Structure formats: structure tokens, C-alpha cells
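The residues making up each chain are set out below.
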Amino acid sequence: MIEDRQLEILVNDVFEYYGFDFSGYSRASLKRRVDRIYQLDGFQNFYDFLTRVKTDTGYFKRMVEEITVNVTEMFRDPHFYKVLREEILPQLGTKPFIRIWHAGCSSGEEVFSMAILLKEANLLQKALIYATDINPIVLDTAKKGIFPLRMMKQYSENYIESGGKLDFSNYYTANYGYAKFGEDLLTKMVYSQHNLVSDSSFNEFDLILCRNVMIYFDKDLQERALGLFDDSLSKLGYLALGTKETIKFSPIQKRYVQLNKDKIWKKMH
Amino acid sequence: MEKDALISGCKVLIVGGSAGSLEVLLQLIPGLKALPDFSMVIILHRKYTDDTTLEELLSLRTTIPVKEVEDKTPLVAGNIYIAPADYHLLFEKSGVLSLDISEKVNYSRPSIDVSFESVAEAFGASVIGVLLSGANADGTLGLNAIKEAGGKVVVQDPASAGMPFMPQNAIDNVVVDEVLNVTDLFRFISSINQ
């Protein structure tokens with residue numbers, strides 16, 4: 001196990017060498033992730049590990065991949081998607097154009113879920129989904145729209161629970177253990193690398209989703225990210241977080257009204 | 001029991017359990033009057049859909065505030081906190097609780113080991129770890145981490161457990177301070193910081 005002091009050295013050096021700033025990451029999780037890769041890769045000495053990270057760019061990428069958590073699924077928390085489907089999208093549908101931002105989209109499962117909802121609401125043609133992540137490797141996966149076939153049973157159940165009426169397999173072609181999703185969904189997605197720690201607002205959106213991303217941030221960094229979302233959200237736009245996340249400790253909450261238990265807030269002014 | 005050595009200076013009582021543990025909690029919690037200067041954190045394996053039910057089940061039976069943890073919930077003495085289903089629960093040294101959706105550990109999320117190791121790291125000797133009934137090996141490594149950090153470790157007597165495997169595995173692998181049946185466990189918890 002590495003020591004707290006060593007973790008701080010790693011965080012400082014990574015910033016100095018690569019410009020990635022993990023200083024606002026929640027320490028309990030960051031330490032666990034770094035410990036995990038340190039042990040997985042068989043390091044005995046912290047300074048060997050540190051040197052490897054600093055001198056081997058490929059290894060640094062592996063470390064970022066391992067310490068940023070990329071667990072996601074399609075229609076995760078089906079009830080959340082049911083609320084999007086039944087309450088939020090009909091509202092957004094009254095607009096001439098719909099801009100959506102998935103911040104911290106990982107390998108794109110939630111982005112495809114959103115595109116399917118938009119398609120079923122007949123809104124896909126006038127929507128654009130921006131999907132960003134700190135990690136370019138997961139973005140490459142997302143852009144392909146190819147996911148493991150073995151996951152489809154679970155995703156199909158989630159889809160149905162979210163109020164989906166079709167046969168979920170209509171949305172993909174199965175081949176060699178993979179499910180490839182339709183190009184029509186992909187054409188409405190724009191993927192790019194964006195870092196919630198250091199980058200600024202880049203557009204105005206009607207709906208921002210950032211689910212189970214800020215749980216890895218400390219409170220100061222959460223505040224920064226929420227400020228960034230607030231700056232990027234149009235009036236009466238919606239902010240959606242993970243089921244166990246909240247804005248109630250944040251100064252921005254006074255401008256927002258929570259819709260229901262599903263962690264969706266509407267920006268009132 | 002060597003009372004003074006064992007049960008003063010506790011900041012966090014953390015209880016981990018799996019199959020057969022809910023029954024134990026339902027026997028333990030209604031009788032507890034208060035949690036003086038410590039908080040109780042419960043890490044229970046359960047199905048995702050059981051989510052709010054556990055909080056409600058316990059709330060109905062005690063006057064002690066029971067809260068299901070949201071990310072960055074401050075840990076306040078006197079409260080009972082429940083790890084939400086499908087998240088790992090971690091302890092920050094700043095005294096808040098963080099959530100994490102990384103890979104399952106021991107086929108479990110929340111994993112008892114993950115939370116036990118984290119509380120040991122953040123609160124060291126001020127931790128009492130209790131492991132209840134269950135049918136898998138989760139909790140053993142975590143209890144060991146609590147022990148190594150100077151905390152106390154208590155295990156439900158396997159003979160009194162609905163599923164003896166989990167407590168027995170801990171007894172076989174960790175130098176535990178106490179092995180207690182449910183009645184003695186209740187007495188033990190009631191005497192913390194008294």
C-alpha cells in the first residue's frame with residue numbers, strides 16, 4: 001500500500017509531467033484505485049512506480065484508464081430513464097432544437113440510451129448529443145457503437161423497465177459476440193475529450209447529464225463542476241445526476257428545483 | 001469482556017453482513033437507546049431493488065436517525081448510516097462518506113472489505129468492526145485491516161448465524177477480539193463509549 005504522502009507526490013508529478021490534475025479527486029477512492037494498479041502490476045517500491053508513470057507515457061495512460069472508473073451500462077437505473085422518457089423529453093420536444101451534454105460519458109452506454117429515447121420520441125432529428133470524457137480511450141470505444149453482446153440481455157431488461165415498447169435487438173446487429181448499434185444513432189452524437197477539472201463551458205444545453213462522475217471528486221471540485229454545468233445550462237434546462245448524488249450542499253441549488261426522487265433538477269433562473 | 005480497553009474512544013461502529021444479517025439487525029437496533037459519540041455504519045449485501053426498504057425497515061423500529069448514504073454525506077455521531085445498494089461506501093479523512101461504483105469485490109457492491117479497509121485507513125484505532133451472518137468470504141480482509149490499524153473486531157458466533165460461513169471464515173483468518181451471539185452483541189454495542 002502506498003502512503004498518503006506518496007499519493008500527493010504522485011498527484012503533483014502527474015500534473016507537472018502531463019497536465020492532468022487529480023488534486024481535487026476524492027482521496028479515499030483515488031488511493032484505492034492507485035493501490036489497486038500498484039499491486040496489480042506487481043510494484044514493490046513506490047519510486048519505481050512513480051518513475052514508470054513519469055517516463056512511460058503508455059503506462060501513464062494505463063494508469064489513468066485504471067484509476068478513472070468506467071463502470072456504466074445502458075438504461076442504468078431504468079426508472080430514471082422512464083422519467084426522462086415521460087416527463088423531460090416531452091418538455092424538450094417543444095423546442096426547435098435540443099442540445100444535450102453527457103459529461104463523463106465513459107464508453108457511451110448512457111449516450112446510446114439517450115439516443116434511443118430521442119428516436120422513440122421522434123426527436124432525434126432535431127437533437128444533438130455532446131458526449132465528453134477525460135479519457136480518450138473510452139471515447140474511441142463509444143464512437144464505434146460496439147458493445148459486448150453478453151450485456152444485451154441486461155440492457156434489454158433495463159430498456160423494457162424504462163418503458164421501452166420495442167424489441168431491443170432492433171437497435172443492433174449481433175456479430176461475433178458484439179452488438180453494433182445503428183449509424184442513425186451515431187450521427188447525432190459528437191464525442192470529444194473534456195476535463196471537468198480544467199476545461200470551461202463550451203456551449204449552452206437544455207439537458208446536462210453527469211451521473212456517478214462527481215462522486216470521485218472532493219467537495220471543492222464538485223462545486224467547480226456544478227458551476228460549470230450551471231454556466232452551460234439554458235434557463236429552464238435540466239441537470240441530471242446519479243441516484244445517490246445531490247446539489248443540496250451547493251450554492252447553485254437555490255436557482256434549481258428538484259423534480260422528483262430521480263435526481264433531476266430544473267434551472268429556474 | 002475487558003470493558004475499558006474494548007469499548008471506549010469509538011468513533012465508528014461498522015457492521016457488515018450478508019445472508020441472514022437483516023434478521024440480526026432487526027433484533028439489535030430496536031433496543032438501542034442512543035449512539036454516544038459514535039456513528040454506526042451498516043454495509044449489507046442485498047438486491048438492488050430492496051433499496052429504500054432497508055432504511056424504512058430500520059427507521060420504523062428506532063428513534064435513532066437512520067440515513068441511507070448519499071455521496072459526501074457528513075458522518076455525524078449518533079446516527080445510523082446505511083450503504084446504498086450497488087455502490088461501494090468509502091470514508092474520507094475529512095469525515096465525509098464517498099460513494100464509488102467501481103468493480104464488484106467478492107461479487108459484491110457494496111463490498112464489506114472495501115468499506116472496512118477504508119474506515120480502517122481513515123479512523124484507525126477508533127473503529128469497531130462487526131461481521132455478521134453470510135455465505136461468502138467478504139469481510140475477512142476488511143476485519144484484518146481494522147485489526148491492523150488498531151481497531152477492535154467482533155464476529156457473530158457462527159452457531160447463532162443463519163449463514164455461518166462468513167463469520168467462521170473471519171474467525172479462521174483474523175485474530176478476533178470477540179465472538180458473540182446476538183444477545184451478547186446487543187450488550188456489547190450498548191456499552192460502547194458508556
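Predicted model only: the values in this text are computed from it and were never measured. (Residues numbered from 1 in each chain as written. Chains lettered and ligands numbered in written order. Predicted model: local features only at pLDDT ≥ 70, side-chain atom pairs only at ≥ 80, totals over all residues. Heavy atoms only, no water.)

Some remarks on the side chain of Q156(B)
Residue and element names in this part refer to chain B.
Then, number 1: Take Q156: it is sitting in strand β9 (residues 152-156).
Then, number 2: Take Q156: its relative accessible area is 0%, and that puts it in the buried class.
Then, number 3: Within polar-contact distance, the side chain of Q156 engages the backbone nitrogen of S133 at 3.0 Å.
Then, number 4: Look past the residues within four positions of Q156 in its chain and what remains in contact with it is V24, L131, L132, S133, A161, P167, V179, L180 and V182. (Helix = DSSP H or I, 4+ residues; strand = E, 2+ residues; numbered from the N terminus. Buried < 20%, exposed > 50% of the residue type's maximum accessible area, 1.4 Å probe, protein only. Polar contact = N/O pair within 3.5 Å; in protein donor to acceptor, adjacent residues only side chain to side chain. Contact = heavy atoms within 4.5 Å.)

Here's the deal with the interface of chain A and chain B
Then, number 1: Every contact between the two is made by 31 residues of chain A and, on the other side, 29 residues of chain B.
Then, number 2: Both faces combined, the contact of chain A with chain B buries some 2,200 Å², and carbon together with sulfur accounts for 45% of it.
Then, number 3: Looking only at chain A, the three residues that lose the most surface to chain B are R32(A), I215(A) and K244(A), adding up to 31% of its buried area.
Then, number 4: Counting across the chain A and chain B interface gives 9 salt bridges.
Then, number 5: Across the chain A-chain B interface, the total number found is 21 residue pairs in polar contact (both at pLDDT 80 or more). (Buried area = accessible area lost by both parts, 1.4 Å probe. Salt bridge = Lys/Arg side-chain N within 4 Å of Asp/Glu carboxyl O.)

What about the UniProt feature "active site" (unreviewed entry) in chain B?
Residue and element names in this part refer to chain B.
Then, number 1: According to UniProt, the feature "active site" (unreviewed entry) maps to S18, H45 and D138 in the numbering used here. Spatially, the listed residues are clustered: although they cover 121 residues, their C-alpha atoms lie within 9.7 Å of one another.
Then, number 2: Residue position: S18 is located in the loop between β1 (12-17) and α2 (21-28).
Then, number 3: Judged by relative accessible area, which is 14%, S18 ranks as buried.
Then, number 4: Those residues in contact with S18 that lie beyond four places of it in its chain are L44, H45, S133, G134, A135 and M166. (UniProt positions renumbered as here; feature names shortened; annotations may be inferred.)

Describing the sheet that holds strand β5 (residues 178-181) of chain A
All names here are of chain A.
Then, number 1: Pairing within the open sheet is antiparallel, and its 3 strands lie in the order β3-β5-β4. Two strands lie at the open edges of the sheet, namely β3 (146-148) and β4 (172-175), each paired on one side alone. On average, each strand axis in the sheet is tilted by 30° relative to the strand beside it, whichever way the strands run.
Then, number 2: Where β3 lies against β5, 3 bridges are found, and the strand directions are antiparallel. Across the sheet, the residue bridging to P148 is Y178, located in β5. (Pairing = 2+ DSSP bridges. Axes fitted to C-alpha atoms, helices over the stretch in contact; angles between N-to-C directions.)

Structural notes on the pairing of β4(A)
Residue and element names in this part refer to chain A.
Then, number 1: Examined bridge by bridge, β4 and β5 share 4 bridges and lie antiparallel to one another. Within β5, the position partnered with A174 by the bridge is A179.
Then, number 2: Turn length for the β4-β5 hairpin, with the two strands adjacent in sequence and antiparallel, is 2 residues, and the turn residue Y176 shows positive phi of about 45°.

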